[in-house]
Amino acid sequence: MAISIRKLHPLFVGEISGVDLRQPISRDDARAIEHAMDDYAVLVFPKQDITDEQQLAFARNFGERENAHGGTVAKPQDARLTSGVNDVSNLGKDGKPLPRDHRTHLFNLGNCLWHSDSSFRPIPAKYSLLSARIVNPSGGNTEFADMRAAYDTLDDATKSEIEDMICEHSLMYSRGALGFLDYSDEEKQMFKPVLQRLVRTHPAHGRKSLYLASHAGAIVGMTVPEGRLLLRDLNEHATQPQFVYVHKWTLHDLVMWDNRQTMHRVRRYDHAQPRDMRRATVAGDAPTVARQAAE
């Protein structure tokens, strides 16, 4: 059966049919999916009842797996999953929802803020692939914003002003916005800010997009208040309803997105209800700011 795509939003997002992710895919199908990612930026694969190993095997068609070190306050000995996928559930090692005051739970609430995965790393992520293994009964939708369309609709003066701006990104900025301020010295070193361009150009089609995230807390060369005001204005612009797709999860959905062209966030839900979401992350291949390459 040939791969087909149904557009889910006027600007972006496609739903894929004709592929079974439990089986290895052909090189031609992998190329077709990557071309679709260039165009749609977000792809939805419904009814994909896959294992962690099958999810990772599918992700490897598009690049190397990102090293997850440095993206959480959770300790390795407390890990629930050991397969190599990222655990973005609300579950502890015992398979039950984490207590509301658990440090890992409080840290993970930052995922409710608009962000791009791994913008806090010197080389940020290319793709994320999120698989729904247990879906909570209400809330927990994931929203995606098309950062290409957001850039396109800026006025020319703003485009010129921000073209060469560099931002500082850190998990401490996004979590600090929610009042999470207590870090060990080791964590402060692990989460130290990195530099990212504010405007990115996609390598496949050359289209520009805003590269924003709640992780961005400063703009090089501006005072912190001025920089944050500009970032807030740009975030408000980029997340207007016309740029946003809301994904209501169904069991065994797999959603894949291009972090270079989108932002996303999960919406609030009842954390007493189990929610098991597992992410495979495809590593980026270059920093957005060249001088960080050797750091």
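Anything mentioned here points back to the structure above.
Treat the numbers as computed from the prediction; the structure is a model and nothing was measured. (Residues numbered from 1 in each chain as written. Predicted model: local features only at pLDDT ≥ 70, side-chain atom pairs only at ≥ 80, totals over all residues. Heavy atoms only, no water.)

Enquirer: Please provide a residue-by-residue account of the overall build of the protein chain, values included.
Expert: The helix and strand inventory of the protein chain stands at 8 helices and 15 strands. With the C-alpha coordinates aligned to their principal axes, the bounding extent of the protein chain is approximately 50 × 45 × 40 Å. Out of the 295 residues belonging to the protein chain, those deemed buried represent 50%. Looking at the protein chain as shown, the accessible area adds up to about 14200 Å², and 50% of this sits on carbon and sulfur atoms. Here the protein chain contributes 37 positive and 39 negative side-chain charges, whose respective centroids are spaced 3 Å apart. (Helix = DSSP H or I, 4+ residues; strand = E, 2+ residues; numbered from the N terminus. Buried < 20%, exposed > 50% of the residue type's maximum accessible area, 1.4 Å probe, protein only. Areas by Shrake-Rupley, 256 points an atom, 1.4 Å probe, with all protein chains shown as cover. Lys, Arg positive; Asp, Glu negative; His and termini not counted. Charge placed at Lys NZ, Arg CZ, Asp CG, Glu CD.)

Enquirer: Can you tell me about the pattern of salt bridges, naming the residues and giving the values?
Expert: In total, this model carries 20 salt bridges according to the counting rule given. Between Glu 15 and Arg 6 there is a salt bridge; the shortest N-O distance is 3.3 Å. The class of Glu 15 is partly exposed, set by a relative accessible area of 23%. Overall, Arg 6 belongs to the partly exposed group, its relative accessible area being 49%. The salt bridge partner of Asp 20 is Arg 22, with a shortest N-O separation of 3.0 Å. For Asp 20, a relative accessible area of 30% gives the class partly exposed. Under the relative-accessibility criterion, Arg 22 is labelled partly exposed at 46%. Three or more residues joined by partner-sharing salt bridges are found here, namely Asp 52, Arg 80, Asp 87, Arg 133, Asp 276 and Arg 278. (Salt bridge = Lys/Arg side-chain N within 4 Å of Asp/Glu carboxyl O.)

Enquirer: Lay out the sheet that holds strand S7 (residues 166-169) with the relevant residues and their values.
Expert: Reading across from one edge, S8-S7-S11 is the order of the 3 strands in this open sheet, with antiparallel pairing throughout. Taken across any chain shown, the strands that pair with only one partner, and hence form the sheet edges, are strand S8 (194-197) and strand S11 (216-219). Averaged over all adjacent pairs, the angle separating strand axes in this sheet is 40°, with direction ignored. As paired elements, S7 and S8 share 4 bridges and run antiparallel to each other. Following the sheet pairing, Glu 168 is matched in S8 by Leu 195. Together, S7 and S11 form the strand contacts of helix H8 (residues 224-238), whose direction differs from that of S11 by roughly 120°. (Pairing = 2+ DSSP bridges. Axes fitted to C-alpha atoms, helices over the stretch in contact; angles between N-to-C directions. Contact = heavy atoms within 4.5 Å.)

Enquirer: An account of the sheet that holds strand S6 (residues 142-146) is requested, with residue identities and associated values reported.
Expert: Spatial ordering of the open sheet is given by S12-S6-S14, a layout of 3 strands whose pairing is antiparallel. Two strands close off the open sheet at either side, each with one partner strand: strand S12 (244-247) and strand S14 (262-266). Within this sheet the neighbouring strands show an average axis-to-axis angle of 20°, counted without direction. Pairing between S6 and S12: 4 bridges, direction antiparallel. Bridging across to S12, Glu 143 finds its partner in Val 246.

Enquirer: Go over the packing of aromatic side chains with me, naming the residues and quoting the values.
Expert: Geometry of an aromatic ring pair is reported as the spacing of the ring centres plus the angle between the planes. In total, this model carries 8 aromatic pairs according to the counting rule given. For the ring pair Phe 58 and Phe 62, a centre distance of 5.3 Å and an interplane angle of 85° mean the geometry is edge-to-face. Relative to Tyr 127, the ring of Phe 62 lies with its centre 5.9 Å away and its plane at 65°, an arrangement referred to as edge-to-face. Taken together, the residues span a long stretch of sequence, with Phe 62 in the loop between helix H2 (52-59) and strand S4 (86-87) and Tyr 127 in strand S5 (residues 127-134) at a distance of 65 residues. Accessibility classification places Phe 62 together with Tyr 127 in one group, the buried group. Over the face of the ring belonging to Tyr 211 we find Arg 200, whose NZ or CZ atom lies 4.6 Å from the ring centre. Sitting above the plane of the Tyr 269 ring, Arg 275 keeps its charged end 5.0 Å from the centroid. (Phe/Tyr/Trp six-rings, centres within 6.5 Å; stacked < 30°, edge-to-face > 60°. Lys NZ or Arg CZ within 6 Å of the ring centre and 35° of its normal.)

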